[in-house]
Amino acid sequence: MTLSTSDRSPLTGTTGARAGALGFLTDVSLCIGCKACEVACKQWNQLPADSGTGITGLTGFSYDNTVDLGATTWRHVAFVEQAATTVDRTWEAPGAPGSPTAWLMLSDVCKHCVHAGCLEACPTGAIVRTEFDTVVIQQDVCNGCGYCVPACPFGVPQLGDTDRKAHKCTLCYDRLVDGLEPACAKACPTESIRFGPIAELLPRALDRVEQLQERGVAGAHLYGDRAIGGTGGMEGLNALFVLTAPPEVFNLPAAPELPQRKVLPALVSTAIAAVAFILGSGAALRGRR
Amino acid sequence: MSGPESGTTGGDWGEGRDRRGRGGSGGAASDDAVIGPGYYGIPAIHKPHWKWLIIFYFYFGGIAGAAYAVATIADAVGASEDRRIGRIGRYLSFAALLPSPILLVLDLGRPERFFLMFRVLKLRSPMSLGTWGLTAFGGFSALSVAAQAAVDGRLGDGFVGRRAQQLPIQALGVAGTPLALFVAGYTGVLLAATAVPLWTKRALLLGPLFLASAFSSAVSAIELIVALMPSTPAATRHRLTRLGVSTLFAEAAIFIAWRNGLGPTGRPLGEGATGRVVRLGVVGGGIALPLVLQAVASVTTGGFARILSVVSSVSVLAGGLALRYVVVVAGNTSADDPRATLGMTAADGAPERLSTH
Ligand code: SF4
Ligand code: SF4
């Protein structure tokens, strides 16, 4: 079975994480979909329950009743159903009832990008990089301008319905300073979520990918290095993932870009247009004095 | 990415679900969405909360900046009988600028914390740059309008009036114009520097597009005021029309380049109510109709020509607002479409799997 392009890329397995950076490694092949991480996160961070949809609070289209990351949901377990079509373990959308089905469960989270779109966008400086190389929104500074929301390539931060400030995963900053691991990693019964220094998590992730591929899971690959996920100027993510299907299956972009890469070129093109308009206006308005 | 083979979807709810999974919002047929990118059609990124307050800010801020620039240029190269262009431009700029900070502060989730914008200056954050740029430009616009009012004898002969008369109106204009142009155009850069497909796909053209629209709106507003003033020399009106028509052509060219460059990402601009506003408001009302009216006006004379010119100006002004509206609204629609987001961020080799149609 072919290896993915990412495995052939010289960027595979490299990130720009700073020395001592801490982060997550979330392994889709180990997740059993128990949502202990979601619950532990809400408990530790005192986040209210999601009201869900409708009277039941159930989506009705999957076991995923959480649906998305948001202001009060900082871990989200995605549930993907796939039907087996061929022996070489190529999977596609669910087949007829009764046909063999595979489950993919993935606990999504803020990626704590090495270069973070949310952080660079924030006009108040509310979003900071911590001593652990994680990305945190200071709640006493945020004024709810909302610019970080569309500036995140992964759809993570969101303004709270009640306090109108931006919220997202803090990688349990308040636990890290006391030497504790984040609540979600602590609660995960299968070690699908691991916490630790990126310098340790990265080789572990690569080993795991190799192991899965040897076992015949052809689509196994790392997400969050410079080759996939941490692309486009982000220089990698401090929340790494081992995926067994294309990232898009989990709503993750394969090759996202740091939005701020566009700022300087766009300012230059706008300045050129401005000069053209000045000259044009001068020509049109010119008259005898 | 050729390797991870299984192009699948989370399910056959390909589209039309909002992020809380609530039912379909219409949308195209989902046959092709059964096998497509994404997860139950749930948006892959979050859209901003920006609505009318921001749309109006983009519009007024643009007019304020462009009117200031036009006033400075008219002072510098205009004929002596065109003085009124500079005068009107300065008043107009200040009047359009006044609501801008109010709109911006009201749009914040926590308006009482607006001042925290002034904690930092971040060169890679267009919103931070814009905060400082708008503030600095506000200073220039206020000084210029004070100088103008003093020259016009509106500030009296007291201490303030005499001081204001000494202000170097032309030098202020020259110094403030770069900031004015920045204010007129940076809003396009602000949108371009996000993950929203429709804003970031042709990032280089959004700033110039907003700038062009700011110029056409500002010139039309000046034309409108001039047309309503008695005793404006025909030559002045003629030169303003010449400027207005050429800005409209420039705006049309940039709009077409932007719209075509978007490819399938630009689909929200052609569909439903937004599509109608694009066709009737931006293109029809904002560009085509005024050009036709000005062409007719150029071969007629007297009161009729003046009426045509007034209608044309109003039409351009409405089109400028329509442009800001459709860019914001269609951008939000594209942010809600995981095919647009994931198609744009697909790795090499996967375009067919992730085609946005
Ligand atoms: S994933 Fe989004 S919210 Fe998290 S650090 Fe990166 S840009 Fe910021
Ligand atoms: S909403 Fe808050 S955290 Fe987000 S960019 Fe604005 S000030 Fe910064």
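Residues numbered from 1 in each chain as written. Chains lettered and ligands numbered in written order. Predicted model: local features only at pLDDT ≥ 70, side-chain atom pairs only at ≥ 80, totals over all residues. Heavy atoms only, no water.

A few points about the interface of chain A and chain B
- The interface is formed by 97 residues belonging to chain A together with 93 residues belonging to chain B.
- Summed over the shared surface of chain A and chain B, the result is 1 salt bridge.
- Residues E120 of chain A and R124 of chain B are paired through a salt bridge, measuring 3.0 Å at the closest nitrogen-oxygen approach.
- Our count for the chain A to chain B interface comes out at 32 residue pairs in polar contact (both at pLDDT 80 or more).
- Among the elements of the structure, α1 (5-8), β2 (75-84), β3 (91-92), α3 (117-121), α4 (148-151), β7 (158-159) and α8 (263-285) of chain A are those that each provide at least two residues to the side of chain A that touches chain B.
- Considering each element in turn, the side of chain A that touches chain B owes the most residues, 15 residues, to α8 of chain A.
- Taken together, the residues of the side of chain A that touches chain B sort by class into 53 nonpolar, 27 polar and 17 charged. (Contact = heavy atoms within 4.5 Å. Salt bridge = Lys/Arg side-chain N within 4 Å of Asp/Glu carboxyl O. Polar contact = N/O pair within 3.5 Å; in protein donor to acceptor, adjacent residues only side chain to side chain. Helix = DSSP H or I, 4+ residues; strand = E, 2+ residues; numbered from the N terminus. Nonpolar A, V, L, I, M, F, W, Y, C, P; charged D, E, K, R; others polar.)

Some details on the nonpolar core
- By size, the foremost hydrophobic cluster in this structure holds 80 residues, and its most contacted members are L191, W258 and V327 of chain B.
- It is helix α1 (residues 52-77) of chain B that provides the largest number of residues to this core, a total of 14 residues.
- Looking at which domains feed residues into this core, each of domain 1 (22-86 + 99-257) and domain 2 (259-289) of chain A gives three or more.
- With residues up to four places along the chain from it excluded, the contact list for W258 of chain B reads L198, R202, L205, L206, L209, L269 and V327 of chain B.
- Counting residues in hydrophobic clusters, the runner-up holds 61 residues, among them C113, C118, F154 and L237 of chain A. (Core = buried A, V, L, I, M, F, W, Y, C linked by side-chain atoms within 4.5 Å. Buried < 20%, exposed > 50% of the residue type's maximum accessible area, 1.4 Å probe, protein only. Domains from an automatic or database assignment.)

Quick notes on the domain arrangement of chain A
Residues and elements named next belong to chain A.
- What the domain assignment reports for chain A is domain 1 (22-86 + 99-257) and domain 2 (259-289).
- Listed by partner, the interface residues are 8 residues for domain 1 and 4 residues for domain 2.
- Both sides of the domain 1 and domain 2 interface together cover about 510 Å² of buried area, and 48% of this is carbon and sulfur.
- Together, E120, G232 and E257 form the three largest contributors to the area buried by domain 1 at its contact with domain 2, with a combined 66%.
- Counting every contact that joins domain 1 to domain 2 gives 2 salt bridges.
- Its salt-bridge partner being E257, residue R261 comes within 3.6 Å of it at the nearest N-O pair.
- Seen at the junction of domain 1 and domain 2, the total is 3 residue pairs in polar contact (both at pLDDT 80 or more).
- No other element matches the 3 residues that α3 contributes to the side of domain 1 that touches domain 2.
- Classifying every residue of the side of domain 1 that touches domain 2 gives 3 nonpolar, 3 polar and 2 charged. (Buried area = accessible area lost by both parts, 1.4 Å probe.)

Concerning the packing of α8 of chain A against helix α9 (residues 234-261) of chain B
- Here α8 of chain A crosses α9 of chain B at 150°, and the two axes come no closer than 8 Å. Taken together, the axis directions place α8 of chain A and α9 of chain B in an arrangement best described as roughly antiparallel. With respect to the hand of their crossing, α8 of chain A and α9 of chain B are arranged in right-handed fashion. For the pair α8 of chain A and α9 of chain B, contact is made by F277, S281, A283, A284 and L285 of chain A and by R239, L240, R242, L243, S246, T247, A250 and I254 of chain B, respectively.
- Looking at the contact of α8 of chain A with α9 of chain B residue by residue, the classes come out as 8 nonpolar, 3 polar and 2 charged. (Axes fitted to C-alpha atoms, helices over the stretch in contact; angles between N-to-C directions. Parallel < 35°, antiparallel > 145°, perpendicular 65-115°, else oblique. Left-handed = near helix turned anticlockwise from the far one by under 90°.)

Regarding the site of ligand 2
- C122, P123, T124, I127, I137, C142, N143, G144, C145, G146, C148 and A166 of chain A make up every residue found near ligand 2.
- Broken down by class, the residue content of the shell around ligand 2 amounts to 8 nonpolar, 4 polar and no charged. (Near = heavy atom within 4 Å.)

Some words on the confidence of the model for chain A
Residues and elements named next belong to chain A.
- Per-residue confidence for chain A gives a mean pLDDT of 91, with 89% of residues at or over 70.
- Residue range residues 1-6 is modelled with pLDDT below 50. Its contacts to residues more than four positions away, or to other chains, number 17 contacts.
- Confidence drops under a pLDDT of 50 for residues 86-90, and excluding neighbours within four residues, the segment shows 6 contacts in the predicted structure. (pLDDT = per-residue confidence, 0-100.)

Observations concerning the side chain of S144 of chain B
Residue and element names in this part refer to chain B.
- Inspection of the secondary structure assignment puts S144 in helix α4 (residues 126-151).
- By relative accessible area, S144 is classed as buried at 1%.
- Aside from chain neighbours lying at most four places away, what touches S144 is Y68, R90, I169 and L172.

Structural notes on the environment of P208 of chain B
- Structurally, P208 of chain B is set in helix α8 (residues 203-228).
- What makes P208 of chain B buried here is its relative accessible area of 6%.
- In the structure, P208 of chain B is positioned 24 residues away from A184 of chain B in sequence and 9.3 Å away in space, judged by C-alpha atoms.
- In contact with P208 of chain B, other than residues within four places in its own chain, are S269, T270 and A273 of chain A together with I254 of chain B.

Considering empty space enclosed by the protein
Residue and element names in this part refer to chain A.
- As enumerated under the stated definition, the model contains 8 cavities of 30 Å³ or more in all.
- Of the pockets and cavities examined, the largest cavity occupies roughly 160 Å³.
- Along the wall of the largest cavity there are 19 residues; nearest its centre are D68, H76, D108, F250 and N251.
- Listing elements by their share of the lining of the largest cavity, those giving two or more residues are β2 and β4 (101-109).
- Grouping the constituent residues of the lining of the largest cavity by class yields 13 nonpolar, 4 polar and 2 charged.
- There is about 90 Å³ of room inside the second largest cavity.
- Grouping the amino acids of the lining of the second largest cavity by side-chain chemistry returns 10 nonpolar, 4 polar and 1 charged. (1 Å grid on protein atoms, 1.4 Å probe; cavity = no way out; pocket = protein on both sides within 12 Å on 5 of 7 lines; lining within 4 Å. Points joined across faces, edges and corners; volume = space filled by probe spheres on them.)

Here's the deal with a nonpolar patch on the surface
- A cluster of nonpolar side chains, namely F114, F115, F118, L121, L123 and W132 of chain B, defines an oily patch on the protein surface of about 590 Å² accessible area.
- Along the chain, the position of L121 of chain B falls in the loop between α3 (99-107) and α4. (Patch = residues over 30% accessible without salt bridge, like charges linked within 9 Å, V, L, I, M, F, W, Y side chains within 5 Å. Areas by Shrake-Rupley, 256 points an atom, 1.4 Å probe, with all protein chains shown as cover.)

Some details on the UniProt feature "transmembrane region" (unreviewed entry) in chain B
- UniProt's feature table lists "transmembrane region" (unreviewed entry) at residues 56-79, 91-109, 129-151, 172-199, 205-228, 240-258, 278-297 and 304-327 of chain B, given in the numbering used throughout.
- In this annotation, residues 205-228 of chain B is assigned 100% helix and 0% strand; the end-to-end C-alpha distance for the span is 34 Å. (UniProt positions renumbered as here; feature names shortened; annotations may be inferred.)

Description of α8 of chain A
- In this model, α8 of chain A (23 residues) spans 32 Å end to end at C-alpha, consistent with the 33 Å of a helix rising 1.5 Å per residue.
- If you check which residues of α8 of chain A are buried, you get V263, A266, S269, T270, A273, A274, F277, S281, G282, A284 and L285 of chain A.
- At its buried positions, α8 of chain A is contacted by α1, α2 (83-97), α4, α6 (169-192), α8 and α9 of chain B. (Expected span 1.5 Å × (residues − 1).)

A closer look at the sheet that holds strand β9 (residues 193-197) of chain A
All names here are of chain A.
- Across the sheet, 4 strands lie side by side as β9-β1-β11-β10; this open sheet has mixed pairing. Edge positions in the open sheet fall to β9 and β10 (221-223), since each of these has one partner strand only. Between one strand and the next, the sheet's axes are offset by a mean angle of 25°, whatever the strand orientation.
- Summarising the sheet, β10 and strand β11 (residues 239-243) pair through 3 bridges and their orientation is antiparallel. (Pairing = 2+ DSSP bridges.)

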